[in-house]
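What follows is each chain in one-letter form.
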Amino acid sequence: MDANLVAAQLFSGLTSAMTLFLVASGLSLIFGVVNVFNFAHGSFYLIGAYFAYQVVSVTGLPFWPGVLLAAAGAGIAGVVMEYVFLRRIYGRGGEAGFQILLTYSFILIIDDVVKMIWGTDYKSIERPESLSASFTLGDISVPRYDLVVILVGILVAVGMWWLIRKTRFGRNLRAISANREMASCLGVNVPLTLSLVFGLATALGGLSGALSAPTRTVTPGAGIEVIIGSLIVVVIGGLGNFWGAFVGALIIGEVTAFGILFLPQWAILFSYAVMALVLVFRPEGLLARRGGA
Amino acid sequence: MRGPSAASGNAARGQLLQWAAVLLFFAFLPLARRSFFITMANEILIMGLFAMAFNLLYGVTGMLSFGQAAYYGVGGYTVGLLLTKGVLPYSVALPLAPVAGAALALLLGPLCIRLSGVYFTMLTLAFAELVWGVVFKWYGFTGGDNGIQGIPLPVWFHHPLHYYYFTLAVVAAAVALLRRIVESPFGAVLQSIRENPERTGFLGIRVRRYQLAAMVISGAFSGLAGGLFAGFHRSIGPDMLHWTKSGEVILMSILGGVSSFFGPLVGAGVILFIEDMIGKYTEFWEIWIGGIMLAIVIFFPRGVIGTLYQWTHRKGSRERDGNATAHS
C-alpha cells in the first residue's frame, strides 16, 4: 500500500469527518437538551450552503463573512422552526412519532422552497483565493482549504466544550438536559434556552453547509444525504453525547474515505454497516454515559 | 381507539358497514371509465396494504420502524427476479413475495428488537439502507440502479382492469387476515406491549418473541404489497427499498390515523391523490405534502380517520363528561 495514498486519504477522511461533526454536534445537542430527534437537521446544512452561495457568489461578499452570515441565517431559520412549530408538540403523548413527522415535513418543505428560489441546477462557490493552493507535507499535497476546514472543526469542538462545561449558559443546558422541570423551578428560562440551543445547533449545521459549498457542489438533495450521515454519526457516538459525535464523525469519515479506496463499489454501505455493528454490540453508542449531555 | 366498552353489537355492525363501504367503493370505481383512476386506485390499494402492514408494527405494537421499505422491496424483487429469469410462473412467484419479506424480518428482527425507542427506529433504518445498498450496487443480479424492466406477466393480467380486480381481491383478503390478527388474543398482546412493555413482561409474556412475530408478520404483508407492485408496474427499481419509501409509508399511516384500522389505507389514498393532482400543476408537490403533514401534526394529531371519528362521536362523549379527549 502506497503510504502517500494512505496519508492523502487520511486527510480527506478528516475533512469530511469535520463537516460531518459540525452537523452531527448540532443534532446531538438538540437531542441532548431539547430532547427532539431533528430529522430536518440536514436541511439546515442545505440552507447554509445556499445562503453561502447567495451571499458569496451572487452578492459578492468576501468568503468568510459570507460563511458566517450563512450560518447565522440557518440559525435564525432554526429558531423560527422551534418557536413557531416544534414548541407546540412538547410533552404530547406519543411525542417521538410526532417529532419525526414534524421534522420530516420540514425536510420536504425546505427542499422545495430551496428549489423554488434557486432552481435545481448545481451551484458552486469559489474558495477564497488565499486558500486555493495546496501545500506539501513530505510527498503528499493537501489542499489548504481542507486544512482550514479541519481547523474550524477542532475550534468548534473546543468552543462547544467550553460553552457547555464552563459557562453559565452551559450550566443551564446541562440542568435542562438532566431535568427540565427542576431547571425551570430553579429559575432557568427553559423556553428561551431551548430556542437558543436550537438556533445554535442549526447554525452549526449551516456552517457545515457553507464550508462544504466550495468543495462539493451545492444541490437540493444534499440535505437528505447529510442527515442520514449525521444520524449515523450521532447514533454511533451515543445520542446526545457531544464527544461521541466527534468520535463518531472521525470513524465514519475515515471508514468512508478508506472504503472508497478498497471497495469503491460498496463504499456507501460501510457507514451503515459500522452503525449496525455498533448498535448490535453497544446499543447505547460508543461513548454513552447515562445522564450526561 | 375504540374501547371494548362500546356496545359490541353496534360496533360489529358499524365495522361491517365500513368494510362494505370500502369494498364497494373500490369495486365500482372502474365505472368511472378513466384509466387514470384505475391506475391510481390500484396504487392506492397496494400502498394501502403496505401502510396497514407497517401499522401493525407502529400503530398496534408501538414499534416505529423506519426500514419497512426493505421488506416491500424484497417482495418486489422476489417477483421481479423470478419472473424475468423465467424461473417460476406468477402464481408461484407472488406467494413467495410475503415469504421473502417474512424471511428478511426473521433475519433482521432479532437484532432490531434488542433496542427500543429511537434506537430501534435507527437500527431498522440502518439495516434497510444496507439492503438498499446491496440491491443498488449488485448490477449482475438486481440490475443495480437500473432496476428491472419488462417483468413478464400472464396474458390475462395485461388488461389493467383485470389486474386491478386481482389486486383488489388479494388486498381485501390480506386486509381481512390482518384484521383477524389484530383482533385475536395475539393482537391484544401486541396492543398491551404498545401500552406498556414492562408491565406486559411482568405478566409472564415474552415481549420480544411477540415483537419479533409482529415484525415477521408485518414483513410478510409488506413483501406481499411489494410483489403486487412488481406485477402492477411491471418494472421495479431500488427506489422501492430506499428510506424515502419508508418515510412515505409512515406518513400515510399517520396522516390517515394509526389508531384506526382503515386509517393507513385512507392516508395512502390522500397522499397518492395529492401527489398526482398537484404533480400535474406544479413540480413542487413535496411542499404540499410537507405542509399538510405539518398541519396534521399540529392540529389533527389523530389523523384523518381519527379526527372524523372524534367529530362524529363528540356529542356522545361530551355527555359522558368529556374525558374522551384525555387519553393518548
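What counts, and where the lines are drawn
- Residues numbered from 1 in each chain as written.
- Chains lettered and ligands numbered in written order.
- Predicted model: local features only at pLDDT ≥ 70, side-chain atom pairs only at ≥ 80, totals over all residues.
- Heavy atoms only, no water.
- Core = buried A, V, L, I, M, F, W, Y, C linked by side-chain atoms within 4.5 Å.
- Buried < 20%, exposed > 50% of the residue type's maximum accessible area, 1.4 Å probe, protein only.
- Contact = heavy atoms within 4.5 Å.
- Patch = residues over 30% accessible without salt bridge, like charges linked within 9 Å, V, L, I, M, F, W, Y side chains within 5 Å.
- Areas by Shrake-Rupley, 256 points an atom, 1.4 Å probe, with all protein chains shown as cover.
- Salt bridge = Lys/Arg side-chain N within 4 Å of Asp/Glu carboxyl O.
- Helix = DSSP H or I, 4+ residues; strand = E, 2+ residues; numbered from the N terminus.
- Expected span 1.5 Å × (residues − 1).
- Polar contact = N/O pair within 3.5 Å; in protein donor to acceptor, adjacent residues only side chain to side chain.
- Axes fitted to C-alpha atoms, helices over the stretch in contact; angles between N-to-C directions.
- Parallel < 35°, antiparallel > 145°, perpendicular 65-115°, else oblique.
- Left-handed = near helix turned anticlockwise from the far one by under 90°.
- Nonpolar A, V, L, I, M, F, W, Y, C, P; charged D, E, K, R; others polar.
- Pairing = 2+ DSSP bridges.

Turning next to the nonpolar core. Among the nonpolar cores identified, the biggest contains 207 residues, and Leu49, Tyr90 and Leu228 of chain B are the most heavily contacted of them. Those residues within four positions of Leu228 of chain B in sequence are excluded, and the remaining contacts are Ile46, Leu49, Tyr90, Leu94, Tyr163, Phe166, Thr167, Val170 and Val171 of chain B.

Further remarks concern a nonpolar patch on the surface. Residue and element names in this part refer to chain A. On the surface, Ile154, Val158, Trp161, Trp162, Trp243, Leu286 and Leu287 cluster together into a nonpolar patch covering about 620 Å² of accessible area. At four residues, the largest contribution of residues to the nonpolar patch is made by helix α5 (residues 144–166). Checked against the element boundaries, Ile154 lands in helix α5.

Here the focus is helix α9 (residues 222–237) of chain A. Residue and element names in this part refer to chain A. If you check α9, its first and last C-alpha atoms are 23 Å apart, about what 16 residues at 1.5 Å a residue would give, namely 22 Å. Of all 16 residues that make up α9, 14 are buried, and the element is covered over most of its length. Following α9 by one or two positions, Gly238 has its phi on the positive side, about 115°.

As a further point, take the environment of Leu239 of chain A. Take Leu239 of chain A: it is sitting in the loop between α9 and α10 (242–262). Here the alpha-carbon distance between Leu239 of chain A and Phe31 of chain A, two residues 208 residues apart in the chain, equals 6.9 Å. With sequence-adjacent residues up to four places away left out, Leu239 of chain A is seen in contact with Ser28, Phe31, Phe37, Val234 and Glu284 of chain A together with Val118 and Tyr119 of chain B.

Our next topic: the interface of chain B and chain A. Counting residues at the interface gives 42 residues for chain B and 40 residues for chain A. Applying the counting criterion to the chain B and chain A interface returns zero salt bridges. Linking chain B with chain A are three residue pairs in polar contact (both at pLDDT 80 or more). Among the elements of the structure, α5 (117–137), α11 (243–256) and α13 (286–299) of chain B are those that each provide at least two residues to the side of chain B that touches chain A. The element that contributes the greatest number of residues to the side of chain B that touches chain A is α5 of chain B, accounting for 15 residues.

Here we come to the packing of helix α2 (residues 41–58) of chain A against helix α8 (residues 190–212) of chain A. Residues and elements named next belong to chain A. Relative to each other, α2 and α8 sit at 50°, their axes nearing to 6 Å. As summarised for this structure, α2 and α8 are arranged oblique, according to the angle between their axes. The crossing of α2 and α8 is right-handed. In this structure, α2 contributes His41, Phe44, Tyr45, Gly48, Ala49 and Ala52 to the contact, and α8 contributes Ala201, Thr202, Gly205, Gly206, Ser208, Gly209, Ala210 and Ser212. Of the residues belonging to the contact of α2 with α8, the class tally is six nonpolar, eight polar and no charged.

Another point: the side chain of Thr202 of chain A. Residue and element names in this part refer to chain A. Secondary-structure assignment places Thr202 in helix α8. A relative accessible area of 0% places Thr202 in the buried class. Engagement of the side chain of Thr202 in a polar contact is seen with the backbone oxygen of Ala74, the distance being 3.4 Å. Residues in contact with Thr202, not counting those within four places in the same chain, are His41, Phe44, Ala74, Gly75 and Gly78.

Residue and element names in this part refer to chain A. Of the two faces of strand β2 (residues 140–143), only the one carrying Ile140 and Val142 is buried; Ser141 and Pro143 on the other face are not. As judged from the four bridges shared by strand β1 (residues 134–137) and β2, these two strands associate in the antiparallel manner. Directly across from Thr136, in β2, lies its bridge partner Ser141. The antiparallel hairpin formed by β1 and β2 contains two residues in its connecting segment, where Gly138 sits at a positive phi of about 65°.

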